[in-house]
Amino acid sequence: MHDTEEALFRAVHGIAGRFAGQPVPVVMDALLRHLPKAPGLEVTEIRKIAEEISVGRDPSGL
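Since the model is a prediction, treat every value here as computed from it, not as a measurement.

Draft legend 1. Broad picture of helix 1 (residues 3-19). Spanning 17 residues, helix 1 covers 24 Å between terminal C-alpha atoms, matching the ideal 24 Å at 1.5 Å per step. Among the residues making up helix 1, those that are buried are Leu8, Ala11, Val12, Ile15, Ala16 and Phe19. Down the axis of helix 1, the buried set is contained in an arc of 135 degrees. They therefore lie on one face. Residues of helix 1 that are exposed and point over 90 degrees away from its buried face: Asp3, Arg10, Gly17 and Arg18. The elements touched by buried residues of helix 1 are helix 2 (24-34) and helix 3 (43-54).

Structure representation (structure tokens):
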């Protein structure tokens, strides 16, 4: 797995563990603060990830 992708998956996994069930804006803020910069990662994708975490899912696949 590419280093950037692995860092993204691990960051999402960590945030999912800490912020599961929190409101979407809270999760969005955490994702925007902690996700490593990655080309092609759009705010709409981050919002979808935040929505998954907000309902208790871990979209990282880890």
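Draft legend 2. Just the layout of surface pockets, in detail. Considering only enclosed or pocket space, the largest pocket measures out at about 280 Å³ in volume. Contributing to the lining of the largest pocket are 15 residues, with Leu8, Phe9, Leu41, Glu45 and Ile49 lying nearest its centre. Looking at the lining of the largest pocket, the elements with two or more residues in it are helix 1 and helix 3. Among the elements that line the lining of the largest pocket, the one with the most residues is helix 1, at 5 residues. By residue class, the composition of the lining of the largest pocket is 9 nonpolar, 4 polar and 2 charged.

Thresholds applied
- Residues numbered from 1 in each chain as written.
- Predicted model: local features only at pLDDT ≥ 70, side-chain atom pairs only at ≥ 80, totals over all residues.
- Heavy atoms only, no water.
- Helix = DSSP H or I, 4+ residues; strand = E, 2+ residues; numbered from the N terminus.
- Expected span 1.5 Å × (residues − 1).
- Buried < 20%, exposed > 50% of the residue type's maximum accessible area, 1.4 Å probe, protein only.
- Arc of directions from axis to C-beta.
- Contact = heavy atoms within 4.5 Å.
- 1 Å grid on protein atoms, 1.4 Å probe; cavity = no way out; pocket = protein on both sides within 12 Å on 5 of 7 lines; lining within 4 Å.
- Points joined across faces, edges and corners; volume = space filled by probe spheres on them.
- Nonpolar A, V, L, I, M, F, W, Y, C, P; charged D, E, K, R; others polar.

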